[in-house]
Amino acid sequence: MAGFAASNSDDSPKQFEGRITIYVVLCGIIAATGGLMFGYDVGISGGVTAMDDFLEKFFPSVYVKKHEVKEDNYCKFDDQGLQLFTSSLYLAALVASFIASKTCKSYGRKLTMQAASIFFLVGVILNAAARDLAMLIVGRILLGVGVGFANQAVPLFLSEIAPVRIRGALNILFQLDVTIGILVANVVNYFTSSIRPWGWRLSLGLAGVPALILCFGSLLITETPASLIERQKLDEGLAVLKKIRGTEKVELEFNEIVDASKIAQQVKHPFRNVMMRRSRPQLVIAILMQVFQQFTGINAIMFYAPVLFQTIGFKNDGSLLSAVIMGLVNVLCTVVSILLVDRLGRRILLLEACAQMLISQAAIGAVLQVFMKANNNLHQDVAIWVVVLVCLFVSSFAWSWGPLGWLIPSETFPLETRTAGFAFAVSSNMLFTFIIAQAFLSMMCHMKAGIFFFFAAWIVAMAFFVVFLLPETKNVPIDEMTERVWKKHWYWRRFVDHGEDQNETRDVEDSANRL
Ligand SMILES: OC[C@H]1O[C@](O)(CO)[C@@H](O)[C@@H]1O
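These numbers come from a predicted model, not from an experiment.

1. Considering the confidence of the model for the chain
- Chain-level pLDDT for the chain is 88 on average; 90% of the residues reach the 70-or-more range.
- The model gives residues 1-10 a pLDDT under 50, and that stretch makes 22 contacts with residues more than four places away or in other chains.
- Below pLDDT 50 for its whole length, residues 499-515 participates in 23 contacts with residues either more than four positions away or in separate chains.

2. Quick look at the site of the ligand
- In the neighbourhood of the ligand, 14 residues make up the surrounding shell, with Gln175, Gln293, Asn299, Asn330 and Trp406 lying closest.
- Glutamine 293 places a side-chain nitrogen or oxygen 3.1 Å from an oxygen atom of the ligand.
- Note that an oxygen atom of the ligand is positioned 2.5 Å from one of the side-chain N or O atoms of asparagine 299.
- Here the ligand has 310 Å² of accessible area as a free molecule, and 100% of this is covered by the chains.
- For the shell around the ligand, the secondary-structure elements that each account for two or more residues are helix H1 (22-48), helix H7 (167-192), helix H14 (280-295), helix H15 (298-311) and helix H19 (401-412).
- Looking at side-chain class alone, the shell around the ligand contains seven nonpolar, seven polar and no charged residues.

3. Thoughts on the side chain of glutamate 223
- Inspection of the secondary structure puts glutamate 223 in the loop between helix H9 (208-217) and helix H10 (225-230).
- A polar contact of 3.4 Å, which involves the side chain of glutamate 223, links it to the side chain of arginine 231.
- Each residue touching glutamate 223, except ones within four places of it in the same chain, is listed here: Tyr107, Gly108, Arg109, Lys110, Leu228, Arg231 and Val240.

4. Some details on the packing of helix H6 (residues 133-161) against helix H20 (residues 415-447)
- Contact geometry for H6 and H20: axes closest at 10 Å, N-to-C directions at 135°. In terms of their interaxial angle, H6 and H20 are classed as oblique. Pair H6 / H20 crosses with right-handed handedness. Each of Val147, Gly148, Asn151, Gln152, Pro155, Leu156 and Glu160 in H6 lies in contact with H20, whose residues at this interface are Leu415, Arg418, Thr419, Phe422, Ala423, Val426 and Met430.
- In terms of residue class, the contact of H6 with H20 is made up of eight nonpolar, four polar and two charged.

5. Things to note about the packing of aromatic side chains
- Applying the stated rule across the entire model yields 26 aromatic pairs.
- Ring geometry for phenylalanine 98 versus phenylalanine 271: centroids 5.8 Å apart, planes at 45°, classification tilted. Of this pair, phenylalanine 98 sits in helix H4 (residues 80-107) while phenylalanine 271 sits in helix H13 (residues 270-274), placing them 173 residues apart in sequence.
- Under the relative-accessibility criterion, phenylalanine 271 is labelled partly exposed at 22%.
- Grouping aromatic residues by their ring pairs yields a cluster made of Phe292, Phe295, Trp401, Phe432, Phe454, Phe455, Trp458 and Phe465.
- Between the NZ or CZ atom of lysine 243 and the centre of the ring of tyrosine 23, over which it lies, the distance is 4.3 Å.

6. Quick notes on the environment of serine 45
- Counting through the fold element by element, serine 45 comes out in helix H1.
- Using a relative accessible area of 0% as the deciding quantity, one classes serine 45 as buried.
- Considering only alpha carbons, one finds serine 45 and methionine 302, 257 residues apart in sequence, at a separation of 9.5 Å.

7. What to know about the state of the cysteines
- Tallying each qualifying case throughout the model produces zero disulfides.
- In this structure cysteine 354 is a free cysteine whose sulfur lies 16 Å from that of cysteine 333, the closest cysteine sulfur available.
- Residue cysteine 354 is classed as buried on the basis of its relative accessible area, which comes to 4%.
- Looking at the unpaired cysteine 391, the closest cysteine sulfur is the one in cysteine 333, lying at 9.1 Å.
- When its relative accessible area of 13% is taken as the criterion, cysteine 391 is described as buried.

8. Notes on unusual backbone geometry
- Cis geometry marks the peptide bond from arginine 196 to proline 197; its omega dihedral reads 0°.
- Structurally, proline 197 can be placed in the loop between H7 and helix H8 (199-205).
- Although it is not a glycine, glutamine 232 sits at a positive phi angle of roughly 70°.
- Its location among the elements puts glutamine 232 in the loop between H10 and helix H11 (234-245).
- For glutamine 232, a relative accessible area of 48% corresponds to the partly exposed category.
- Even without a glycine there, the phi angle at asparagine 475 is positive, about 65°.

Rules of the game
Residues numbered from 1 in each chain as written. Predicted model: local features only at pLDDT ≥ 70, side-chain atom pairs only at ≥ 80, totals over all residues. Heavy atoms only, no water. pLDDT = per-residue confidence, 0-100. Contact = heavy atoms within 4.5 Å. Near = heavy atom within 4 Å. Polar contact = N/O pair within 3.5 Å; in protein donor to acceptor, adjacent residues only side chain to side chain. Areas by Shrake-Rupley, 256 points an atom, 1.4 Å probe, with all protein chains shown as cover. Helix = DSSP H or I, 4+ residues; strand = E, 2+ residues; numbered from the N terminus. Nonpolar A, V, L, I, M, F, W, Y, C, P; charged D, E, K, R; others polar. Axes fitted to C-alpha atoms, helices over the stretch in contact; angles between N-to-C directions. Parallel < 35°, antiparallel > 145°, perpendicular 65-115°, else oblique. Left-handed = near helix turned anticlockwise from the far one by under 90°. Phe/Tyr/Trp six-rings, centres within 6.5 Å; stacked < 30°, edge-to-face > 60°. Buried < 20%, exposed > 50% of the residue type's maximum accessible area, 1.4 Å probe, protein only. Lys NZ or Arg CZ within 6 Å of the ring centre and 35° of its normal. Disulfide = S-S within 2.5 Å.

Structure, rendered in structure tokens:
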């Protein structure tokens, strides 16, 4: 299989000077709290939409359907308005990520994170105080803008400040915070569901906590050297590089960033450049990683776990508790990824997970198909098996496609197309999260257990993608990807080697002449 991977002649990381400083780790931990906002939101909506008081106030018809004994269990929550509550956030985030890519480039990663926390806070206030559906949805849209800004800035920030040998681990702090956010949200829902009739307001309002952490925390962190140098702040960039590497000897790395930024400055239209032939490998991979991440079916489970568990017959408390257990598995297995990603590499984790996810999705489908046909509810013993299978699925997702969906796109684009290219990754994630959020309950209503086979089929396609098209990027310095990865890949090299796109060359030359 070596022929399909990037066959680096020298697999050891380039020896940039420097150690892993406390400051760099601290900056990583603070910035990663952007992931908490995203995760909290993913986790909170499922539980809130299962709460009677919330349904009765905003979605009375769903409330009635939920309590109708004869209604088909698979279809109880099939309501476009209810799904719009969950999904509107992702639509807003999709649009926001393109705006955020511009602010990231022109004003830096740090400022973009600060803006994210402010948008998010305003959204939280509207949500917690919502008196009608309109207020609720406007609040969700603002939360979405916050998520779009944070998801754009944070993974880039983490990959750019990280020393190469722990880049994977540091970047995965973002996804770790996403999973912690989901878990905390599930725990919060577990308790607030018994606070009648305003428990849902508390659930939605507590989303302000991670936003406040990011807002104040981001005052303490640095801007990335790459962003400073890209914006012509060379001295500041050099000083920051020395500080985060804990040494004065940073010339090699500094020069590499300066070289990358010289090319970046000549590119006046990053979005046009990202569309050109030679950006094709990174662009295709960034988008597909996200499409595939979502078509594992993860969010069908994350958003609607409490609803799903109610569907198979757990009572309110039982279903929220199962969602909490699942959330814990998600967090712990993301830690496994942090420990392994820079040792085993990205491809092994992704491939192992494909096998484990395929087996668990197919098994969930089979159990529901067999046992739910005769009886609209599952027997408690069988339902517990479904929870076990869901945990098996979530564990493998958590050490692979979850974190690597962010890591790989953030480390593969060259500086000149990095923010624009990464915007495609974020927006694809949001688009497909939106599609799943909007469609899952209807799909479950129509396809019933078949939905899990649908996701299983996608997992097969993902495995082929990794085997043939995804090169290994472990231990490759971020600004050396073209030489060491793309030019050596059996398929992608044709885009990079002969990819001198006429328009692009003209674009760069024009800019150079103007300088
Ligand atoms: O941990 C699961 C979560 O991770 C993500 O895939 C983001 O990487 C979310 O879409 C999902 O809800």
